Amino acid sequence: PFEMTRTALKAPLTYDKSGAYKDMLKESGINHLAGIEEAMFFGDRRSTTAEDPDTGETVSRRHMGGLLWFLKQWEIGTTANTGGQFDYRGTTSAVTDLTAQTDYVAYRDKRIIRLAGASVTLDQFDLIEALPFQKTNSTEWCKLCLAGAGYISKVNARLKKDVQVTQMRGEQYAGWDFKVTQRTGLQGDIYYKNHPLFNTDEMYNSAFYIDLGYLKYRPLDDSDTDIQQLIQANDADKRKDQWLTECGLEIVNPEAHMFVDNLGGISL
């Protein structure tokens, strides 16, 4: 929730006749949507309890699993293995970071590739990018790679001759102009895009490879993103609003996606 005093709402502002409310509404909305995106990538599915501040009752708090959580479940493979929630891969052994089976060449079920800042050869990079193409929804046989700026710069530094930039132009696209860097390989097309959420120290050299056909956004009925206005107490000398979204993320065939963590570089 965000709030402003009545005085702040009513005070005339020389720089903006509408006042500061719309700026606070926009900033809060951006933070809200960024929080949803972060949960969709990094959320851990779990259920906890909390105390309702109005009634004192104990209520449930449910957190949705993000793409990385589902990839971890894919690598665990089955409910018979520790921590497994789904029978994704039958009776196979887990290929998680906690096992010895972490070689993405020997174990092609790997979907979380943790490079720990190490460089890979171009042949190894091609093997990594081929992994999620073992399952593809798109009839165009393509994946979207959302990455930090460092990851994209390392790919571009090594593959300058293999990538092309497509940019939409024209009046019909006003306000929607964007750039996409595309690489066409034997396994399919990969579209690279820097994501603002990933320009942190932890994600600067990392990337998610995503098959959009296997992702579904599932809001509850009448609970998609909207603004709830005037939720302050009746006698409060202020205005209080909040953005509200209640949703989940449905991920079909997690093996169609991949996470590459901390790419050090791509050598010859």
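Preceding block: the structure.
1. Considering the overall build of the protein
- Assigned secondary structure in the protein consists of five helices and 16 strands.
- Burial status across the protein gives 36% buried among its 268 residues.
- Put simply, 61% of the contacts in the protein that link residues at least 6 apart link residues at least 24 apart.
- Accessible area for the protein stands at about 16100 Å²; split by element, carbon and sulfur atoms hold 50% of it.

2. Points about helix H4 (residues 122–130)
- Of the residues making up H4, those classed as buried are Leu122, Phe125, Ile128 and Glu129. Down the axis of H4, the buried side of the element spans an arc of 115 degrees, and every buried residue falls inside it.

3. Remarks on the sheet that holds strand S1 (residues 2–5)
- As summarised here, the arrangement of the three strands in space is S1-S13-S12, forming an open sheet in which the pairing is antiparallel. Of all strands in the sheet, those with a lone pairing partner are S1 and strand S12 (226–228), marking the two edges. On average, each strand axis in the sheet is inclined to that of its neighbour by 20 degrees, with strand direction left out of account.
- Sheet topology note: the S1/strand S13 (residues 238–244) ladder contains four bridges and is antiparallel. In the sheet register, Phe2 faces S13, and the bridge partner there is Asp241.

4. Focus: the nonpolar core
- Among the nonpolar cores identified, the biggest contains 23 residues, and Ile113, Leu115, Phe125, Cys145, Tyr151, Tyr209 and Val260 are the most heavily contacted of them.
- Elements that contribute at least two residues to this core include exactly H4, strand S6 (142–147), helix H5 (149–158), strand S9 (189–194), strand S10 (207–210) and strand S15 (258–261).
- Each residue touching Tyr151, except ones within four places of it in the same chain, is listed here: Phe125, Cys145, Tyr204, Asn205, Ser206, Ala207, Tyr209, Val260 and Leu263.

5. Here's the deal with the side chain of Arg89
- The topology assignment puts Arg89 in the loop between helix H3 (67–76) and strand S4 (112–114).
- Polar side-chain contacts of Arg89 include one of 2.7 Å to the backbone oxygen of Trp74.
- At 3.0 Å, the side chain of Arg89 and the backbone oxygen of Ser93 are in polar contact.
- With residues up to four places along the chain from it excluded, the contact list for Arg89 reads Trp74, Glu75, Ile76, Gly77, Ala94, Val95 and Asp109.

The rules behind these values
Residues numbered from 1 in each chain as written. Predicted model: local features only at pLDDT ≥ 70, side-chain atom pairs only at ≥ 80, totals over all residues. Heavy atoms only, no water. Helix = DSSP H or I, 4+ residues; strand = E, 2+ residues; numbered from the N terminus. Buried < 20%, exposed > 50% of the residue type's maximum accessible area, 1.4 Å probe, protein only. Contact = heavy atoms within 4.5 Å. Areas by Shrake-Rupley, 256 points an atom, 1.4 Å probe, with all protein chains shown as cover. Arc of directions from axis to C-beta. Pairing = 2+ DSSP bridges. Axes fitted to C-alpha atoms, helices over the stretch in contact; angles between N-to-C directions. Core = buried A, V, L, I, M, F, W, Y, C linked by side-chain atoms within 4.5 Å. Polar contact = N/O pair within 3.5 Å; in protein donor to acceptor, adjacent residues only side chain to side chain.

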